[in-house]
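Each chain is listed here by its residues.
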Amino acid sequence: MERKVQRGAAWSDARRVLKSVRDVMAAARSAEARLERMVQVIAAGMVAEVCSIYVLRAGDVLELFATEGLKHEAVHVTRLRVGEGVVGQIAAHARPVALADAKSHPAFAYRPETGEEIYRSLLGVPILRGGRVVGVLVVQNRKPRHYTDEESEALETIAMVLAELVAGGELVDPAELHPTDGIALLPLRLEGARLNGGIGMGLAVLHRPRVAITRIVAEDPAAERERFDQAVSSLHTALDDLFAAADLGDSGEHRDVLEAYRMFAEDRGWLMRIREAIGNGLTAEAAVQKVQDDTRLRMSHITDPYLRERMHDFEDLTNRLMQHLAGNGQAALAALPDDVVLIARSLGPAELLDYDRARLRAVVLEEGSATAHVAIIGRALGVPVLGRVKGVVEKIDPLDPVIVDADHGQMFIRPGEDVQQAFQEAMQARAIRAAAYVSMRDLPAVTSDGVSVTVNINAGLLADLSQLDETGADGVGLYRTEIPFMVRSNFPDVNVQTRFYRKVFKFARNRPVAFRTLDIGGDKLLSYMPPAGEENPAMGWRSIRIGLDHPVLLREQLRALIRAAAKRRLEVMFPMISEVAEFDAARAILDIEVERARSRGGQLPKEIRVGAMLEVPALAWQIEPLLARVDFLSIGSNDLLQFLFASDRGHPALSERYDMLSPAVLMFLRSVVERCAEAKVPLGICGEMAGRPLEAMALVGVGLRSLSMAPASVGPVKAMVRSLDLASLEPYVLGLCRRPDRSLRAALKGFAQDHGVSL
Ligand code: PEP
Ligand code: MG
């Protein structure tokens, strides 16, 4: 049967097609029968000679389930892998494809059983549900023709309706696509990334914000617009109430995060696009969903961390708006168990606040990074957060028992008795130890033979500074200034930075804070400074290299620090210094800023101490001239070790390959200790190494007397120091350093055991 094709016209009445599609959906027939009718209706409505629906099956195969126009023998016979042919490409990239001449497309895969060789043009869209591709909808025309954006959008809207049918479970057993369901009752251990440390146990609560959309097409667009406007206004009020009630304290980055989020809720472009979709005949819910699907598609290939965060904020807002449209914006979340482990693909900052903090034991996400907004809120709330756990949402059932060990980047689903018991014991032991550490809070970190060790914390959020009091640490050995830059959409100006650093001084009270200047690049990206597409970012254009190439960044940061310090002592350290000349250049910028402040009559810091971080091995061979210039030196062991061993610090396959407790590392550190002692320059260390009791013992053994670490490590490290007899450790460690062993770990553990050192 051949239909008359009207070029470029006729698709205008998308609403009419939607109505017919909805009628088919509502008909009391089997899913297969509805699908068959659907392709006829769509082909007729869209004035296309072919309409076909491919459904995703196990093994990432797209199977032709229904067609109008292609040969019927091809149904359930034609199968394409995701990525294969134009249809497979649409699924692989989750993007619409419009081709005036499909055969000339490089991915075109001809299937003789379909008889499609007579059709030239093709428009295909992914069928998406919950952000995942569940099928592909295609129309084809015999003559070459250009499909317009409006036509593509109309087909996407139809695909939304189809998604419910395709994913409804009648056409393909959902278990086929999620084979893990079959072993759902087995215990499972999954790995992820620690976004906020700690251990939590409880029952899984799946964050299911999705509201099932039952009506796609609106009878009365004006009434829909009215409903939408009401929902938006109730959303705004509810957000204000939520943020006002949040038990988070008034200052800190989380406030910035929430303010930015509140602004997105009023984003004109977002609201306008939804109103437009309502104008095109969708219900308010369907319009919100459509705009979200569009945004998700546009952003799916974006790696920029700030934009991805925005994406999460919009997901969060969309879900919230849906709840308001459904009339349950204020409704409490369904009854929660007493101990909740919240599981989500991603979570917006406000969504986390919806859950009762008193019941929340841990959060597990499929996505997320340490600077994700939800991680920042998690830290402010003190809830362990484990991120980047692949496929967790599919692998877990509601109310499954879960243990989250964010400290070690792992979680256990339906753990066996033995694992549960082990963790319960570990948590009890932790609680006892934590109580012991609290009692040690006001005691000095002095070895049993009277040697003092400075114990500092590393901080990056204002929330971290409260740990100074809680742990009794001496000060902040590393303040990572880049984190506030990472949660913003553009460079904070001097005033914003000054206000921020003033808060740091205020929270630290009289304790010293070593401000590290911006250490961006590598794995710490800013959206407003796109990465240079480097092959080797850790060794690339990062840190002080950026600061020296764009001195305005460094200048402004130093100006803000000088202003904020007014009359207090200012400690500044420059990261990733590779040669003395770099230190000189950075220092010269600081000197000019100090002079500038002086000449303008501003308040100057009462003292300025300037240090360098030793993270690049080359600097160790220029240490004498360096020590003649610096007021202190701080070893960044995370970067230093990756460069000493030429071994990526984040590479999972290499994480065990070299041991930081190796003779080479300890010898290197010993020689730095000796040079600093000769030059009488204070030396500290602020990488992860300093926060592990055994490693910290070795560091004290080779002569380090100032350690800076994550706040959670202060108690254990203090306990180690106070139980240590340095006079017996020192010669022992130095003896070990001459051994050819790859690791001294076992020997050091043995020493600790024999000498009653608390680890
Ligand atoms: C280090 O490299 O050890 C360090 C403290 O810096 P960062 O981990 O922030 O790179
Ligand atoms: Mg570093």
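Residues numbered from 1 in each chain as written. Chains lettered and ligands numbered in written order. Predicted model: local features only at pLDDT ≥ 70, side-chain atom pairs only at ≥ 80, totals over all residues. Heavy atoms only, no water.

### Description of the site of ligand 1
Okay, so step 1: Neighbouring ligand 1 are 14 residues; Arg 480, Arg 516, Glu 615, Asn 638 and Arg 649 lie closest to it.
Okay, so step 2: Residue Arg 516 places a side-chain N or O atom 2.9 Å away from an oxygen atom belonging to ligand 1.
Okay, so step 3: In the model, an oxygen atom of ligand 1 is placed 3.4 Å from a nitrogen or oxygen of the Gly 636 main chain.
Okay, so step 4: When ligand 1 is considered free in solution it has 290 Å² of accessible area, and contact with the protein chains removes 99% of it.
Okay, so step 5: Considering each element in turn, the shell around ligand 1 owes the most residues, three residues, to helix H22 (residues 637-644).
Okay, so step 6: Of the residues assigned to the shell around ligand 1, the class counts are three nonpolar, four polar and seven charged. (Near = heavy atom within 4 Å. Polar contact = N/O pair within 3.5 Å; in protein donor to acceptor, adjacent residues only side chain to side chain. Areas by Shrake-Rupley, 256 points an atom, 1.4 Å probe, with all protein chains shown as cover. Helix = DSSP H or I, 4+ residues; strand = E, 2+ residues; numbered from the N terminus. Nonpolar A, V, L, I, M, F, W, Y, C, P; charged D, E, K, R; others polar.)

### Some details on the pattern of salt bridges
Okay, so step 1: Counted according to the given criterion, the structure contains 40 salt bridges.
Okay, so step 2: Glu 285 is the partner of Arg 227 in a salt bridge, and the nearest nitrogen-oxygen pair spans 2.6 Å. With a gap of 58 residues between them, Arg 227 in helix H6 (residues 221-245) and Glu 285 in helix H9 (residues 284-299) connect regions that are remote in the sequence.
Okay, so step 3: Note that Glu 593 and Arg 559 form a salt bridge whose closest N and O atoms lie 2.8 Å from each other. Placement of the pair is Glu 593 in helix H20 (residues 580-599) and Arg 559 in helix H19 (residues 551-565), with a sequence separation of 34 residues.
Okay, so step 4: What makes Arg 559 buried here is its relative accessible area of 17%.
Okay, so step 5: Ionic contacts of the salt-bridge type, sharing partners, join the residues Glu 482, Arg 516, Asp 519, Arg 542 and Asp 639 into one network. (Salt bridge = Lys/Arg side-chain N within 4 Å of Asp/Glu carboxyl O. Buried < 20%, exposed > 50% of the residue type's maximum accessible area, 1.4 Å probe, protein only.)

### Points about the coordination of the magnesium ion (ligand 2)
Okay, so step 1: Distances from the magnesium ion (ligand 2) to its protein donors, Glu 615 (OE) and Asp 639 (OD), fall within 2.0 to 2.1 Å. Taken together, the residues Glu 615 in the loop between strand S19 (607-614) and helix H21 (623-627) and Asp 639 in helix H22 connect sequence positions 24 residues apart.
Okay, so step 2: The exposure class assigned to Glu 615 is buried, which follows from its relative accessible area of 2%. (Donors = N, O, S within 2.8 Å, 3.2 Å for Na, K, Ca; no water.)

### Details of the sheet that holds strand S4 (residues 97-99)
Okay, so step 1: The six strands are arranged S3-S2-S1-S6-S5-S4 in an open sheet whose pairing can be described as antiparallel. At either margin of the open sheet sits one strand with a lone partner, and together these are strand S3 (79-81) and S4. Each adjacent strand pair in this sheet contributes to an overall mean axis angle of 25 degrees, direction not counted.
Okay, so step 2: Seen against the sheet, helix H3 (residues 85-93) touches strand S1 (50-57), strand S2 (61-68), S3, S4, strand S5 (121-129) and strand S6 (132-141) and runs at an angle of roughly 140 degrees to S6. (Pairing = 2+ DSSP bridges. Axes fitted to C-alpha atoms, helices over the stretch in contact; angles between N-to-C directions. Contact = heavy atoms within 4.5 Å.)

### Section: the packing of H19 against H20
Okay, so step 1: It is the contact of H19 with H20, at a shortest axis distance of 9 Å, that shows an interaxial angle of 50 degrees. As the angle between them shows, H19 and H20 are arranged oblique. Once H19 is placed against H20, the crossing between them reads as right-handed. Mapping the contact onto sequence places Pro 551, Leu 554, Arg 555, Leu 558, Arg 559 and Ile 562 in H19 and Ala 586, Ile 589, Leu 590, Glu 593, Val 594, Arg 596 and Ala 597 in H20.
Okay, so step 2: The residue makeup of the contact of H19 with H20, split by class, is nine nonpolar, no polar and four charged. (Parallel < 35°, antiparallel > 145°, perpendicular 65-115°, else oblique. Left-handed = near helix turned anticlockwise from the far one by under 90°.)

### Focus on the pairing of strand S14 (residues 410-413)
Okay, so step 1: Burial along S14 is two-sided: Gln 410 and Phe 412 facing one way and Met 411 and Ile 413 facing the other are all buried.
Okay, so step 2: The pairing of strand S7 (residues 188-191) with S14 spans four bridges and is classified as antiparallel. Of the residues in S14, the one forming a bridge with Arg 189 is Phe 412.
Okay, so step 3: Relative to S14, strand S13 (residues 401-405) is paired through four bridges, and the arrangement is antiparallel. Opposite Asp 405, over in S14, you have Gln 410 as the bridge partner.
Okay, so step 4: Count of turn residues in the S13/S14 antiparallel hairpin: four residues, of which Gly 409 carries a positive phi of about 60 degrees.

### As for the state of the cysteines
Okay, so step 1: Summed over all chains, the structure comprises zero disulfides.
Okay, so step 2: Free cysteine: Cys 686, not disulfide-bonded; nearest cysteine sulfur from Cys 676 at 13 Å.
Okay, so step 3: Not part of a disulfide, Cys 737 finds its nearest cysteine sulfur in Cys 676, a span of 17 Å.
Okay, so step 4: Taking relative accessible area as the criterion, Cys 737 reaches 4% and is therefore assigned buried. (Disulfide = S-S within 2.5 Å.)

### Side note on the environment of Ala 26
Okay, so step 1: Tracing the backbone through its elements, the reader meets Ala 26 in helix H1 (residues 14-26).
Okay, so step 2: Along the backbone, Ala 26 and Ser 723 are 697 residues apart, and their C-alpha atoms lie at a distance of 74 Å.

### Examining the packing of aromatic side chains
Okay, so step 1: Using the criterion set out here, one finds 10 aromatic pairs in the structure.
Okay, so step 2: For the ring pair Phe 500 and Tyr 501, a centre distance of 6.1 Å and an interplane angle of 80 degrees mean the geometry is edge-to-face.
Okay, so step 3: Note on Phe 500: relative accessible area 8%, which makes it buried.
Okay, so step 4: Ring centres of Phe 505 and Phe 515 lie 5.2 Å apart, and the angle between their planes is 50 degrees; this geometry places the pair in the tilted category. In this pair, Phe 505 sits in helix H17 (residues 494-508) while Phe 515 sits in strand S17 (residues 513-516), placing the two residues 10 residues apart along the sequence.
Okay, so step 5: Phe 505 gets classed as buried once you look at its relative accessible area, which sits at 5%. (Phe/Tyr/Trp six-rings, centres within 6.5 Å; stacked < 30°, edge-to-face > 60°.)

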